[in-house]
Amino acid sequence: MKLWVNGELQDAEDARVSVLDHGLTVGDGVFETLKAVDGRPFALEPHLERLTRSARGLGLPDPDLDEVRRACAAVLEANPMPLGRLRVTYTGGLSPLGSDRGDAGPTLVVALGETRHRPDTTAVITVPWTRNERSALAGLKTTSYAENVVALAKAHEHGASEALFANTVGQLCEGTGSNVFVVLDGQLHTPPLASGCLAGITRALTVEWTGAQETDLPMDVLERADEIFLTSTLRDVQAVHRVDGRELPGAPGPVTAKAMRIFAERAAQM
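Now for a look at the structure at hand. (Residues numbered from 1 in each chain as written. Predicted model: local features only at pLDDT ≥ 70, side-chain atom pairs only at ≥ 80, totals over all residues. Heavy atoms only, no water.)

**Details of the side chain of Thr33**
This is how the line gets drawn: Secondary structure elements are defined from DSSP: runs of H or I of at least 4 residues count as helices, runs of E of at least 2 residues count as strands, and each element is numbered from the N terminus. Any residue under 20% of the maximum accessible area for its type is buried, any over 50% is exposed, and the rest in between are partly exposed; the area is computed with a 1.4 Å probe on protein chains only. Two residues qualify as a contact provided that any one of their heavy atoms is within 4.5 Å of a heavy atom in the partner residue.
With respect to the helices and strands, Thr33 occurs in strand E3 (residues 29–37). Look at Thr33 and you get buried, because its relative accessible area is 11%. Filtering out sequence-adjacent residues up to four positions away, Thr33 remains in contact with His47, Arg85, Leu86, Arg87, Lys141, Thr233 and Leu234.

Shown next, in the form of structure tokens:
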């Protein structure tokens, strides 16, 4: 396995980032995860645009997107696989201990791992912790991911693959690494970006291709929605067959099945 680290390909066992990198010491970094099918990254440009937005949100310099493109191409070429998780990580770089950022410049790492196609349906849970829609990090894809690690571990304890958060005013927000859609009376809805959720690339494509409405949704919508599904770069559109103790028989339902079909057809044309 070969990774890109600060300008060159390196063998995974030799690849090194300083233990004083700000991404390690204080989580000062942003990242993107892309699906790669037979060496082709899906929706690369929207992911790079979001990487830049996230970097600006943290006050990091804009990433050199030409270098990121070269790095992605080099890593994909060096590690052929049918379905991969391509990870771009961009951090504050070598810095003093503490929150102050150093002046050595950012760190760029691009890595690839093999993955498998997700099942058509999955189980989710809700967790008592909230997303802060007014946080300085709201809507940014940062490496400060410990909150998601804790919530996802809780989901796994309950036989689920994802945990869903409310925001601070009790509205449905997002999952640890996914966006959520619900069907009410045949109409498809998803929380708006103002809820504090990440502006998911797959979310945006699903909204565009299905006509889903962005709607403020109370958390208890999960108790009465006719259908529920998740979107993310590795899930695409994935139906939910259980949320907490509530079963949704017949998942994927008709609206979700249509969304899955539309997404698959349109994504294949990109």
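**Here's the deal with the pattern of salt bridges**
Side chains that differ in charge, positive against negative, can pair when their charged atoms come close. Condition: We count a salt bridge whenever a side-chain nitrogen from Lys or Arg sits within 4 Å of a carboxyl oxygen from Asp or Glu.
Considering all chains together, one arrives at 14 salt bridges under this definition. A salt bridge links Asp66 to Arg69; the shortest N-O distance between them is 2.9 Å. Here the residue Asp66 and the residue Arg69 both occupy positions in helix H3 (residues 65–78), the gap between them amounting to three residues, near one helical turn. The class of Arg69 is partly exposed, set by a relative accessible area of 29%. In this structure, the salt-bridge partner of Glu247 is Arg242, at a minimum N-O distance of 3.9 Å. Take Arg242: its relative accessible area is 18%, and that puts it in the buried class.

**What to know about the environment of Ala12**
Locating Ala12 in the fold gives a position in the loop between strand E2 (8–11) and helix H1 (22–25). Residue classification places Ala12 among the partly exposed residues on the basis of a relative accessible area of 33%. Each C-alpha atom, one on Ala12 and one on Lys2, is 5.3 Å from the other, the two residues being ten residues apart in sequence. Not counting residues within four places of it along the chain, the set of residues in contact with Ala12 comprises Met1, Lys2 and Leu3.

**Here we look at the packing of aromatic side chains**
Applied cut-off: Any pair of Phe, Tyr and Trp rings, taking the six-membered ring for Trp, is counted once the centres come within 6.5 Å. Such a pair is stacked with planes under 30 degrees apart, edge-to-face with planes over 60 apart, and tilted for the rest. The rule is short: NZ of Lys or CZ of Arg within 6 Å of the ring centre and within 35 degrees of the ring normal puts a charge over the ring.
Applying the stated rule across the entire model yields four aromatic pairs. Considering the side-chain rings of Phe181 and Phe229, the 4.8 Å spacing of their centres and the 15° angle between planes classify their relative orientation as stacked. Here Phe181 is found in strand E10 (residues 179–184), whereas its partner Phe229 is found in strand E13 (residues 227–232), with 48 residues between them in sequence. Feature note: the residues Phe42, Trp209 and Phe263 constitute an aromatic cluster, connected by ring pairs. Above the plane of the ring of Phe31 lies Arg87, whose end atom (NZ or CZ) is 3.8 Å from the centre. The ring centre of Phe165 lies 4.0 Å from the NZ or CZ of Arg131, which sits over that ring.

Without other data, these values stay purely geometric and don't point to any function.
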